[in-house]
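Topology and contacts: notes
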Amino acid sequence: MLKTDLPTRRSILALLAAGLVLPSRSLRAEAPTVHVHKDPDCGCCGGWVDHLRSAGFAVTVDETSDLSTIRMRLRVPPTLWSCHTAEVSGYAIEGHVPADAIRRLLETRPTALGLAVPGMPAGSPGMEGGNPVAYDVILFAASGQSPFMRFVGTKSVG
């Protein structure tokens, strides 16, 4: 390749400005790491981890059978407990919460302890297969709980 065949800094900047070439790193801030606490024998938890990773989140996994201690530390109400618990940017994430709900939580930063999807709704991330049902993602705080988003499968419906 001749030196004249190499793009100049000015031509690269012009292409970037025109949106024709994207830099190798995203211009968006990278998603924070989600730290997942899960039972080593739970398969659906691994499916939820895969969902988060495919949505662009970095994920670390801590396999433990003592999830109740973690949930109590994070102040997750027992009525919201599911099969795994995660932590991200100071929030608790309990159960099969879709990545879109976590993104919205991190964008809006409400005064809350975290999000939860109680139980294991059919069609939620990690619980694919069968007939998906509608379910609510619950925002919980020291002062109470309220619906945050509604989903069918991994699609927001309101």
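Summarised in this report is the structure supplied together with it. Here the structure is a predicted model, which means the values were calculated and not measured.

**Some details on the pairing of strand S7 (residues 144-152)**
In this sheet, S7 lies alongside strand S6 (residues 134-141) in antiparallel orientation, the contact comprising eight bridges. Residue leucine 139 lies in a different strand from S7, and its bridge partner there is serine 146. In this antiparallel pair of consecutive strands, S6 and S7, the connection spans two residues. As judged from the two bridges shared by S7 and strand S8 (residues 155-156), these two strands associate in the antiparallel manner. Of the residues in S8, the one forming a bridge with phenylalanine 151 is serine 156. Connecting S7 to the next strand, S8, in antiparallel fashion are two residues, including glycine 153 with a positive phi near 65°.

**Some points on the side chain of serine 124**
Here serine 124 shows up in the loop between strand S5 (114-117) and S6. When residues no more than four places from it in sequence are discounted, the contact partners of serine 124 are His96, Tyr135 and Gly153.

**A few points about the packing of aromatic side chains**
This model, assessed by the stated rule, comprises one aromatic pair. Ring centres of tyrosine 135 and phenylalanine 151 lie 6.0 Å apart, and the angle between their planes is 20°; this geometry places the pair in the stacked category. Residue tyrosine 135 is found in strand S6, and its partner phenylalanine 151 is found in strand S7; the two are separated by 16 residues along the sequence. A relative accessible area of 5% places tyrosine 135 in the buried class. For arginine 71, the ring lying beneath its charged end belongs to tryptophan 81, and the centroid distance is 5.2 Å. The ring of phenylalanine 148 is capped by arginine 104, whose NZ or CZ atom sits 4.4 Å from the centre of that ring.

**Things to note about the nonpolar core**
By size, the foremost hydrophobic cluster in this structure holds 26 residues, and its most contacted members are Leu52, Phe57, Ile93, Val97, Ile102, Leu115 and Val137. In terms of residue count, helix H4 (residues 99-108) provides more of this core than any other element does, five residues in total. Excluding anything up to four places from it in sequence, leucine 52 contacts Val34, Phe57, Val59, Ala99 and Ile102. The next biggest cluster of nonpolar side chains, apart from the first, holds 10 residues, and it includes Ile70, Val76, Ile138 and Phe140.

**Regarding unusual backbone geometry**
Non-glycine residue arginine 75 carries a positive phi angle of around 65°. The residue arginine 75 is located in the loop between helix H3 (67-73) and strand S3 (84-88) in this model. Its relative accessible area of 49% is what places arginine 75 among the partly exposed residues. The backbone of arginine 109 shows a phi angle near 45°, a positive value even though the residue is not glycine. Following the sequence through the fold, arginine 109 ends up in the loop between H4 and S5.

Analysis parameters
- Every chain's residues receive numbers from 1 upward, in the order its sequence appears when written.
- Where local features are concerned, this predicted model is filtered to residues with pLDDT of at least 70; where side-chain atom pairs are given and counted, the filter is 80 or more; whole-chain, interface and lining totals use all residues.
- With hydrogens and water stripped out, all remaining heavy atoms of the structure feed into the side-chain values.
- The pairing criterion is simple: DSSP has to find at least two bridges between the two strands.
- Each helix is a run of DSSP H or I of at least 4 residues and each strand a run of E of at least 2, with the numbering of both proceeding from the N terminus.
- Two residues qualify as a contact provided that any one of their heavy atoms is within 4.5 Å of a heavy atom in the partner residue.
- Ring pairs are drawn from Phe, Tyr and Trp, using the six-membered ring of Trp, whenever the two centres fall within 6.5 Å, and their geometry is named by plane angle: stacked under 30 degrees, edge-to-face over 60, tilted for the rest.
- Working definition: with a 1.4 Å probe on protein chains only, accessible area under 20% of the residue-type maximum means buried, over 50% means exposed, and in between means partly exposed.
- We call a charge positioned over a ring when the NZ of a Lys or the CZ of an Arg lies within 6 Å of the ring centre and within 35 degrees of the ring normal.
- To define a nonpolar core, start from buried Ala, Val, Leu, Ile, Met, Phe, Trp, Tyr and Cys residues and group those joined through side-chain atoms within 4.5 Å.

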